[in-house]
Amino acid sequence: MNDSSWGAPPQAGYWGPSDQGPVQGAAPAGPTYDAPEAQQTRPMPTVPDEPAYGGHQDDDRGAARLSGPLFRDETQQPPYDARQSSAYDPRTQPSDTPQAQPYGAVPQNPEPMPDVPPPAPAPQKKSAGRDLGAAIGVGVGLGAIIIASLFVVKAVFVGVIAVAVVVGLWELTSRLQERKGIKAPLVPLAVGGAAMVVAGYVRGSEGAWVAMALTALAVLVWRMTEPPEGYLKDVTAGVFAAFYVPFLATFVALMLTADDGAWRVMTFLLLTVVSDTGAYAVGWRFGTHKLAPRISPGKTREGLFGAVSFAMVAGALCMQFLIDDGSWWQGLVLGLAVAASATLGDLGESMIKRDLGIKDMGTLLPGHGGIMDRLDSLLPTAPVVWLLMVLFVGSG
């Protein structure tokens, strides 16, 4: 009997004898189903005469075929119209329904997902950066102390200036030692600074200059009691601190010596505060162009415009109504000068704090930082206001 009596060609991997004929007791070859039922089924595809696993059992090339289709009709065929085939059955394969992909198959040309725009970020509310409630409370308290001492007894106000100078020197020297290892002698600076303010009020500008020279000399001598390492940088920082804090503050005491000295000092304080307030309000609301981003990123050109505008209006009003023999146009000039000097003073201390790597000079005043953080715009403005007042209305 030849192989055709089995009804199928021999298959690779068949466990029965393939060259000795049929096994005894096996069922005769032929269909095991009725002929009428065969007409209702689709013909089985012809399986090629090739080993299922690539031939020899030691040949590992068959592993690559395990990932492919097991039947020839599962491979991709050229496109054709299935309805032209005699095996087309509309009940089992509707023409409008896509064929199901084999399990685990990846579509060749998946439809692109529609682009969904990312959700818009929520608008961020601008922050003032400080506790405004504490800042306003501390500002009102300091204003009350200044006004009470300024208009009751002038000598008491001189004492307020001296105390502010000593505290400012303590903050500055402490930060220099902490951040840079610079030991500016505090004792001669504090004593000389307080004496400088008193000498300016009692003896005028000559007394202030003499006190400044003696303070610098005291710094040089005081530092000699320690090892010479770092002597130059320590005394340099000490002389700088003496000039920056007490000497500039002495011009406030010089303004106070005039007959209307209390109003001159009040004008000086009001214009400086109004300039800072205008810069903050306009810059916070409209500021987009940075003024000096490397020094103070928060300051904008719009804020500077607000400082100038507010200060000029306030200056015109103060010179017209508070200062004897003053005029409104002098107030415009004074306000412009105050806005410029206050901004430069603020930027100057920002440079110092950038170099030291700190945000505030201290924490003594909640919402403000330290004393030096409030004196930064006042100190360089004091000599400017004193000079313009002398030029406009005299020193008396």
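Treat the numbers as computed from the prediction; the structure is a model and nothing was measured.

Draft legend 1. Region of the structure containing the overall build of the chain. Helix and strand counts for the chain come out as ten helices and two strands. Helices and strands appear in the chain in the N-to-C order α-α-α-α-α-α-β-β-α-α-α-α. In the chain, which comprises 396 residues, the proportion classed as buried is 34%.

Draft legend 2. The arrangement of the packing of aromatic side chains in detail. A complete count under the given rule lists seven aromatic pairs for this structure. Arranged with centres 4.6 Å apart and planes meeting at 55 degrees, the rings of Trp209 and Phe247 form a pair that is tilted. Taken together, the residues Trp209 in helix α4 (residues 186-223) and Phe247 in helix α5 (residues 231-256) connect sequence positions 38 residues apart. Under the relative-accessibility criterion, Trp209 is labelled exposed at 54%.

Draft legend 3. The arrangement of the packing of helix α3 (residues 154-180) against α4 in detail. Two elements in contact, α3 and α4, have axes separated by 9 Å at closest approach and are oriented at 155 degrees. On the basis of their axis angle, the class for α3 and α4 is roughly antiparallel. In this structure, α3 crosses over α4, and the sense of that crossing is right-handed. On the side of α3, the interface is formed by Lys154, Val158, Ile161, Ala162, Val165, Val166, Leu169, Trp170 and Thr173, while α4 contributes Leu186, Leu189, Ala190, Gly193, Ala194, Val197, Val198 and Tyr201. When its residues are assigned to classes, the contact of α3 with α4 shows 14 nonpolar, two polar and one charged.

Draft legend 4. Looking closely at the confidence of the model for the chain. Mean pLDDT over the chain works out to 79, with 66% of the residues at or above the 70 mark. Across the chain, α5 holds the top mean pLDDT of 97, while helix α1 (residues 35-38) sits lowest at 45. Of the regions scoring below 50 in pLDDT, residues 1-39 engages in 16 contacts with residues more than four places distant in sequence or in other chains. A low-confidence stretch, residues 50-77 stays under pLDDT 50, and its non-local contacts, those more than four residues away or across chains, total 15 contacts.

Draft legend 5. Structural view of unusual backbone geometry. Of note, the phi angle at Asp325 is positive, near 65 degrees, even though the residue is not glycine. For Asp325, the location among the structural elements is in the loop between α7 (301-321) and α8 (328-356).

Draft legend 6. Molecular detail of the nonpolar core. Ranked by size, the top nonpolar core spans 58 residues in total, and within it Val252, Val265, Phe268 and Leu334 carry the most contacts. At 15 residues, the largest contribution of residues to this core is made by α5. Residues contacting Leu334, with those up to four places away along its chain left out, are Thr267, Leu271, Met319, Val385, Leu388 and Met389.

Draft legend 7. Representation of a nonpolar patch on the surface in the model. Taken together, the side chains of Val210, Leu214, Leu217, Leu220 and Val221 present a nonpolar region at the surface, about 440 Å² in accessible area. Secondary-structure assignment places Leu220 in helix α4.

Draft legend 8. Highlighting the packing of α3 against α5. One way to put it is that α3 packs onto α5 with a least axis distance of 10 Å and a crossing angle of 160 degrees. What the angle tells us is that α3 and α5 run roughly antiparallel. As α3 packs across α5, the resulting crossing turns out to be right-handed. Across from Lys154, Phe157, Val158, Ile161, Val165, Leu169, Leu172, Leu176 and Lys180 in α3, the residues of α5 making contact are Lys233, Ala237, Ala241, Tyr244, Val245, Pro246, Ala249, Val252, Ala253 and Leu256. Broken down by class, the residue content of the contact of α3 with α5 amounts to 16 nonpolar, no polar and three charged.

Draft legend 9. Spatial organisation of the pattern of salt bridges. Taken as a whole and judged by the stated rule, the model has six salt bridges. Close ionic contact of Arg223 with Asp234 constitutes a salt bridge, the shortest N to O distance being 2.7 Å. Here the residue Arg223 occupies a position in helix α4, and Asp234 occupies one in helix α5, the gap between them amounting to eleven residues. In this structure, Arg223 and Asp234 share a single accessibility class: buried. Where Asp373 meets Lys353, a salt bridge forms, and the shortest distance between an N and an O atom there is 3.1 Å. A residue pair is termed long-range when its members are at least 10 positions apart, and Asp373 in helix α9 (residues 371-375) and Lys353 in helix α8 qualify at 20 residues. A single burial state applies to Asp373 and to Lys353, both of which are buried.

Draft legend 10. Quick look at the environment of Val158. With respect to the helices and strands, the residue Val158 is situated in helix α3. Take Val158: its relative accessible area is 6%, and that puts it in the buried class. For the pair Val158 and Thr250, spaced 92 residues apart in sequence, the C-alpha separation works out to 9.4 Å.

Draft legend 11. Spotlight on the side chain of Thr267. Assignment of secondary structure puts Thr267 in helix α6 (residues 261-286). Given a relative accessible area of 0%, Thr267 falls into the buried group. Dropping the residues within four chain positions of it, Thr267 is found in contact with Cys318, Leu322, Ile323, Leu334 and Met389.

Draft legend 12. Highlighting the environment of Leu344. Note on placement: Leu344 falls in helix α8. Sequence-wise, Leu344 and Asp376 are 32 residues apart; in three dimensions their C-alpha atoms are separated by 9.2 Å.

Draft legend 13. Expanded view of α8. A rise of 1.5 Å per residue sets the reference length of α8, with its 29 residues, at 42 Å; its end C-alpha atoms lie 42 Å apart and thus fit the reference within 8%. One or two steps after α8, the chain reaches Gly357, where phi turns positive at roughly 75 degrees.

Cut-offs used in this document
Residues numbered from 1 in each chain as written. Predicted model: local features only at pLDDT ≥ 70, side-chain atom pairs only at ≥ 80, totals over all residues. Heavy atoms only, no water. Helix = DSSP H or I, 4+ residues; strand = E, 2+ residues; numbered from the N terminus. Buried < 20%, exposed > 50% of the residue type's maximum accessible area, 1.4 Å probe, protein only. Phe/Tyr/Trp six-rings, centres within 6.5 Å; stacked < 30°, edge-to-face > 60°. Axes fitted to C-alpha atoms, helices over the stretch in contact; angles between N-to-C directions. Parallel < 35°, antiparallel > 145°, perpendicular 65-115°, else oblique. Left-handed = near helix turned anticlockwise from the far one by under 90°. Contact = heavy atoms within 4.5 Å. Nonpolar A, V, L, I, M, F, W, Y, C, P; charged D, E, K, R; others polar. pLDDT = per-residue confidence, 0-100. Core = buried A, V, L, I, M, F, W, Y, C linked by side-chain atoms within 4.5 Å. Patch = residues over 30% accessible without salt bridge, like charges linked within 9 Å, V, L, I, M, F, W, Y side chains within 5 Å. Areas by Shrake-Rupley, 256 points an atom, 1.4 Å probe, with all protein chains shown as cover. Salt bridge = Lys/Arg side-chain N within 4 Å of Asp/Glu carboxyl O. Expected span 1.5 Å × (residues − 1).

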